[in-house]
Amino acid sequence: MRSQIYAKIFRRRERWEQNLLVLWFGNFMAGIAFSLIMPFMSLYIDTLGHFSQLQLNFWSGLTFSSTFLITAIVSPLWGRLADSKGRKLMLLRASLGMAFVIGAMGLVTSVFQLVALRLLQGVFSGYISNANALIATSVPREKSGKALGTLTTGNVSGTLLGPLLGGFIADLAGYRVTFFITGAILLLVFFLSLIFVHEEFTPVATVDQPQTKEIFKNLKYPHVVIGMFITTMIIQASNNSISPILSLYVRQLMHGSSKVALVSGIVASIPGIATLVAAPRFGALGDRIGTQKILMYGLAFAVLVYIPQAFVQNVWQLAGLRFLVGISDAALLPQVQTLLAKYSPHQAAGRIFSYNQSFQAMGNVFGPLIGSGISGIFGYSGVFFSTSLLIILNFVWVRHSTAEINGKN
C-alpha cells in the first residue's frame, strides 16, 4: 500500500502535469497576495481621511473597481502579445509588476494615491488568466475540465488563506505591513514562474496572427464563447458587489468590535473552503454530464444562498451562508473557463482568455460600484437582493447562450 502511494506521488509526469503543479502553487500564492488586503481595504480607506458613511461607501467602491477598469482595457493587448511571444512572459510581467505596485500601497497617505496605484495595478494584471491559457493549450482536451478545475483550487485556496492571514497581520501589525508582505509574496511568485514553468511555444509574428474578426468567424460555437464572456462579467459583478461592503457589514453585525479586521478575514475566506473541495469534483462531473449543466445548477443554487444573507442577525449566520456561496462559486467560473477551453482554437487561446479577462474585469468594475451605490441608498441588505437579481439574469443568459451545445460535454 505504501509503495503504491509512493509510486503515485513520485511517478514521472508529463510536461503539462508538471506545469499544472507549478502553476497551481503560483495561483495559490497569487490568491494569497490578492486576498490579504481585501477584507480590510474599506477599513484602510477609513484611516486615510475623515469620511461620511456615504463617502466611505463611494471610495470603497471606486478603489475596488479602479484596478479592473484598466484591466478591461489592456487585457486584449496583453493577450495578443501572449499569442505571439508566449504565456510564460505574461506570467513574469504580471507577477513582477504587481509585486512593486501593491507593496507601494502600504506607503500612501491619501485615498487619491491609493486609487492611482490601484489603477496602475490593472496594467500588470493577467497572471491567473495566462496560467489558465497555458494549461488549456497543453492539457488533453478530454481532461481539460478536471485540469482547469484543479488549477482553480490553487487560486481559491490562496484566497481562502489570504483573508485569514491578512486579518491576523492587520490586527497584529497594522494595515500597511500587509501590503509589504503581499508585494514580497508576488515577488516569490515571479521567481517560481521564471525557474519552474516550461512552455513549448513557437513565436508567431504579429502580422501572421489571425485578426479578431477571423478568430470569431472560425469558431464552431461562437454564441457559446461570446455567451461565456457575458456570463463571466455577470458572475464577477455578482460576487464583487459584496466586496466593498463586506467588512462594513461585519462591523455593523459586530456592533463595532475591535476584532472586525480579523473576523472580516474569516468571513471573506470561508467561501474558499467549499470551493477548494468542490471545484475539481464539479470539473470532473462536468466532463461526464456536460459542463454547462453544472454552470446552470451553480447559478440556481447561488440565488438560494444570496437572498438569506440580507436577513442575518449575527456574523456567524453570515459566515454559514458564505460557505454555501463557496459551493456555488465552484460551479461557476471554473466551468466558464472549461467551456472556453473546449470550444476555442488553441492558437488563439491567449486572446480568448484575455478577452474573457476583460469581461471579468468589467464585472469587477460594475460589481463594487453597484454594491457601494445600492448600500448607500438601501443599506447593506439591499446589496444581496440586487446580487440575486443579477444571478437570475445570468441564469437566463446561460440557458440561451449554451442551447446549441446541450447534450455535448
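Refer to the structure above for everything that follows.
Residues numbered from 1 in each chain as written. Predicted model: local features only at pLDDT ≥ 70, side-chain atom pairs only at ≥ 80, totals over all residues. Heavy atoms only, no water.

A.B. asks: What should I look at first to understand the overall build of the chain in this one?
C.D. replies: Scanning the chain from terminus to terminus reveals 18 helices and 0 strands. Considering the chain as a whole, with its 409 residues, one finds that 56% of them fall into the buried category. Taking the intrachain contacts of the chain between residues at least 6 apart in sequence as the baseline, contacts between residues at least 24 apart amount to 86%. Total accessible area on the chain is roughly 17100 Å²; 68% of this is exposed by carbon and sulfur atoms. (Helix = DSSP H or I, 4+ residues; strand = E, 2+ residues; numbered from the N terminus. Buried < 20%, exposed > 50% of the residue type's maximum accessible area, 1.4 Å probe, protein only. Contact = heavy atoms within 4.5 Å. Areas by Shrake-Rupley, 256 points an atom, 1.4 Å probe, with all protein chains shown as cover.)

A.B. asks: So what exactly am I meant to see when it comes to the environment of Lys342 here?
C.D. replies: Structurally, Lys342 is set in helix α16 (residues 333-342). Sequence-wise, Lys342 and Val225 are 117 residues apart; in three dimensions their C-alpha atoms are separated by 9.7 Å. Here Thr291 takes part through its side chain, which lies 3.2 Å from a polar atom of the side chain of Lys342. (Polar contact = N/O pair within 3.5 Å; in protein donor to acceptor, adjacent residues only side chain to side chain.)

A.B. asks: Is there a simple way to think about helix α7 (residues 127-136) in this case?
C.D. replies: In an α-helix, one turn spans 3.6 residues, which is why side chains three or four residues apart end up on the same side. Most of α7 sits inside the fold, with 9 of its 10 residues counted as buried. Of all the residues in α7, the buried ones are Tyr127, Ser129, Asn130, Ala131, Asn132, Ala133, Leu134, Ile135 and Ala136.

A.B. asks: Honestly, the pattern of salt bridges in this entry has me stumped. Any pointers?
C.D. replies: As a working rule, side chains carrying opposite charge can pair if their charged atoms are close by. For the structure on display, the rule yields 1 salt bridge. Between Asp46 and Arg251 there is a salt bridge, and its shortest N-O distance comes to 3.7 Å. Residue Asp46 is found in helix α3 (residues 41-46), and its partner Arg251 is found in helix α12 (residues 243-253); the two are separated by 205 residues along the sequence. (Salt bridge = Lys/Arg side-chain N within 4 Å of Asp/Glu carboxyl O.)

A.B. asks: Would you mind showing me how to read a nonpolar patch on the surface here?
C.D. replies: Together, Phe100, Leu187, Phe191, Leu194, Ile195 and Phe196 give the surface a local cluster of nonpolar side chains, amounting to about 580 Å² of exposed area. Here Phe100 lies in helix α5 (residues 87-104). (Patch = residues over 30% accessible without salt bridge, like charges linked within 9 Å, V, L, I, M, F, W, Y side chains within 5 Å.)

A.B. asks: Looking at this structure, how should I read the side chain of Thr71?
C.D. replies: One can find Thr71 in helix α4 (residues 53-85). Within the structure, the side chain of Thr71 is placed 3.0 Å from the backbone oxygen of Thr67, a separation counted as a polar contact. Those residues in contact with Thr71 that lie beyond four places of it in its chain are Gly122, Ser125, Gln357, Ser358 and Ala361.

A.B. asks: Help me understand the packing of aromatic side chains, please; the structure alone is not making it clear to me.
C.D. replies: Each aromatic ring pair is characterised by the separation of its centres together with the angle its planes make. Enumeration over the complete set of coordinates arrives at 12 aromatic pairs. For the pair Phe229 and Phe359, a centre-to-centre distance of 5.4 Å together with 15° between the ring planes defines the contact as stacked. You can see Phe229 sitting in helix α11 (residues 222-240) and its partner Phe359 sitting in helix α17 (residues 349-378), a full 130 residues away along the chain. The class for Phe359 is partly exposed, based on a relative accessible area of 27%. An aromatic cluster of at least three residues, connected via ring pairs, comprises Trp24, Phe25 and Phe28. Sitting over the ring of Trp78, Arg93 keeps its end group 3.9 Å from the ring centre. (Phe/Tyr/Trp six-rings, centres within 6.5 Å; stacked < 30°, edge-to-face > 60°. Lys NZ or Arg CZ within 6 Å of the ring centre and 35° of its normal.)

A.B. asks: Even after reading the chapter, I still don't get the side chain of Asn19, so can you show me in this structure?
C.D. replies: Looking at where Asn19 falls in the secondary structure, it is placed in helix α2 (residues 15-36). Given a relative accessible area of 2%, Asn19 falls into the buried group. In terms of polar contacts, Asn19 uses its side chain to reach the backbone carbonyl oxygen of His198, at 2.6 Å.

A.B. asks: Looking at this structure, how should I read empty space enclosed by the protein?
C.D. replies: Over the atoms a probe the size of a water molecule is rolled, and this reveals where empty space is left. Evaluated as defined, the whole model comprises 4 cavities of 30 Å³ or more. Each pocket or cavity is described by its volume, and for the second largest cavity that value is around 70 Å³. Forming the boundary of the second largest cavity are 13 residues, of which Gly79, Ser129, Asn130, Ser354 and Gln357 lie nearest the centre. Of all the secondary structure elements, the ones that give two or more residues to the lining of the second largest cavity are α4, α7 and α17. (1 Å grid on protein atoms, 1.4 Å probe; cavity = no way out; pocket = protein on both sides within 12 Å on 5 of 7 lines; lining within 4 Å. Points joined across faces, edges and corners; volume = space filled by probe spheres on them.)

A.B. asks: How should the packing of α4 against helix α6 (residues 111-123) be read in this particular structure?
C.D. replies: Relative placement of two packed helices is described by the angle separating their axes and the distance separating the axes. Two elements in contact, α4 and α6, have axes whose closest approach is 6 Å; the angle formed by their N-to-C orientations is 25°. In terms of axis orientation, α4 runs roughly parallel to α6. As for how α4 packs across α6, the hand of that crossing is right-handed. Residue-level inspection shows Trp59, Thr63, Phe64, Ser66, Thr67, Phe68, Ile70, Thr71, Val74 and Trp78 of α4 in contact with α6, the latter providing Val111, Phe112, Leu114, Val115, Arg118, Leu119, Gln121, Gly122 and Val123. Of the residues belonging to the contact of α4 with α6, the class tally is 12 nonpolar, 6 polar and 1 charged. (Axes fitted to C-alpha atoms, helices over the stretch in contact; angles between N-to-C directions. Parallel < 35°, antiparallel > 145°, perpendicular 65-115°, else oblique. Left-handed = near helix turned anticlockwise from the far one by under 90°. Nonpolar A, V, L, I, M, F, W, Y, C, P; charged D, E, K, R; others polar.)

A.B. asks: In this structure, what is going on with the environment of Val197? I would like to understand it.
C.D. replies: Structurally, the position occupied by Val197 is in the loop between α9 (175-196) and α10 (212-217). On the accessibility criterion, Val197 (0% relative accessible area) is buried.

These values are about where atoms sit, not about what they do.
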